[in-house]
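# Coordinate inspection notes
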Amino acid sequence: MIPGVLSGVKVVEFGQNLAGPYCGQILAFMGAEVIKVEKPEGDDARKWGPPFIAGEGVNFVGLNRGKKSITVDLNDAAQKQKLIELIGSADAFVHNLRAGVTEKFSIDGKTMNARFPGLVYADLSAFGHTGPWKLRPGYEPLIQAEAGLVSVNGDPSGPASRIGVSIIDLSTGMWTAIGILGALLQKAHTGKGCVVSTSLFESGLMWVSTHVAAFSTTGNVPPRQSTGHITLTPYQAFETSNGLLMVTPGNDRLWAKFAETLGKAEWVTDPRFLTNKERSAHRPLLLDMITEIMKRDTKESWAAKLQAVGVPCGPINAIPEVVALEHTRALGMYMQPYGELPSLLHALPVSFDGQRAGFPAQAPKIGEHDGEV
């Protein structure tokens, strides 16, 4: 294991499922010692599958590599006391236990910070640390629904759709890691820890913030855009003679290059299309005209022409195509943590002095490090 930027930092993670473990995985891949606490039967995500990697659910393996696992029965007073002592010896503690559990067992933020003033305590919940819903449980699909993400996702001609990745869980894990890092920096200056609070619902509210801003400004909710964008035109996938091509001319300079490549240089000075504001006002007309032209040639041909003049564009790749990309391999984002098994799992999308944050470690078995820790 290559020492990381958090080498020497000790983190106790009582995480389960996705969000809490992803926070711990981020910290572990940046060099922290992460001790994963599990209930005696283990993290529920161990059984989530298929697929399974080395007998464990792929979600569990993907988010728990390089950690140490211990088991704790909170109903056992002696085990609970040992857990409290372990937390007190750590720089940070992160959990996403069900609302009310930490208070029941006296390991809540207020109690633990009073006992260990230097502890960074991260409380990752479903609906937040305050408000009428603070005790509600929640999972990814529910939060996507209630925070509004489902309502704004999908093609406008079809039903609303859940986003196909666990964007709520993973982003909440990221926000929690960011909060812990900020609190650790503050602790380095003051010697004092604090309680970091994050939630799935707050992450959901962050993801719909642009739609909220549009609604609060105009009184209207922007319609679903399929592959498009609520404030930029054109900025979406277009049908070509052999499939879709994503084209994103995100400013007036790139728009002019796009129009010229389409053979429509006159559009650059057309009053209807001068700036993004005018183009968005005439969106249906403009998009129909662009589509009619792009259908005359292949996506490969259009991509070559547009990339030659600097207009960002590219195909809509399926997962096997993404894995096969030379650029994907060059970045080193994916690793094979289990040797002979072909499974590819991600490192972190960040590097320090050119060194990728992450290493090809395995996920621990339940309680594998009970004796050691």
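These lines cover the structure that appears in this document, whether it is placed above or below. (Residues numbered from 1 in each chain as written. Predicted model: local features only at pLDDT ≥ 70, side-chain atom pairs only at ≥ 80, totals over all residues. Heavy atoms only, no water.)

## Here we look at the pairing of strand E9 (residues 236-240)
Stated precisely, the cut-off is as follows: The buried label goes to any residue with under 20% of its type's maximum accessible area, the exposed label to any with over 50%, and the partly exposed label to all in between, with areas taken from a 1.4 Å probe on protein chains only. Secondary structure elements are taken from DSSP: a helix is a run of H or I of four residues or more, a strand is a run of E of two residues or more, and numbering for both begins at the N terminus. At least two bridges found by DSSP between two strands is the condition for calling them paired.
With respect to burial, E9 is a largely interior element, four of its five residues being buried. Turn length for the E9-strand E10 (residues 243-247) hairpin, with the two strands adjacent in sequence and antiparallel, is two residues.

## Here we look at the pairing of E10
As judged from the five bridges shared by E9 and E10, these two strands associate in the antiparallel manner. Along E10, the bridge assignment pairs threonine 240 with glycine 243. The pairing of E10 with strand E11 (residues 313-315) spans three bridges and is classified as antiparallel. The residue of E11 that forms the bridge with valine 247 is cysteine 313.

## Some thoughts on the sheet that holds E10
Our working definition: Under this scheme, a helix contributes an axis fitted over its contacting stretch, all axes are lines through C-alpha atoms, and angles between N-to-C directions fall in the 0 to 180 degree range. Whether two residues are in contact is decided by their heavy atoms, any of which lying within 4.5 Å being enough.
Here three strands make up an open sheet; going across it, the order is E9-E10-E11 and the pairing antiparallel. Because the sheet does not close on itself, it has two edges, and the strands there are E9 and E11. This sheet shows a mean twist of 30° between the axes of neighbouring strands, independent of strand direction. Contacting E9 and E10, helix H13 (residues 283-294) runs over the sheet at an angle of about 40° to E9. Here helix H14 (residues 299-308) sits on the sheet and contacts E9, E10 and E11; the angle it forms with E10, its principal contact strand, is near 15°.

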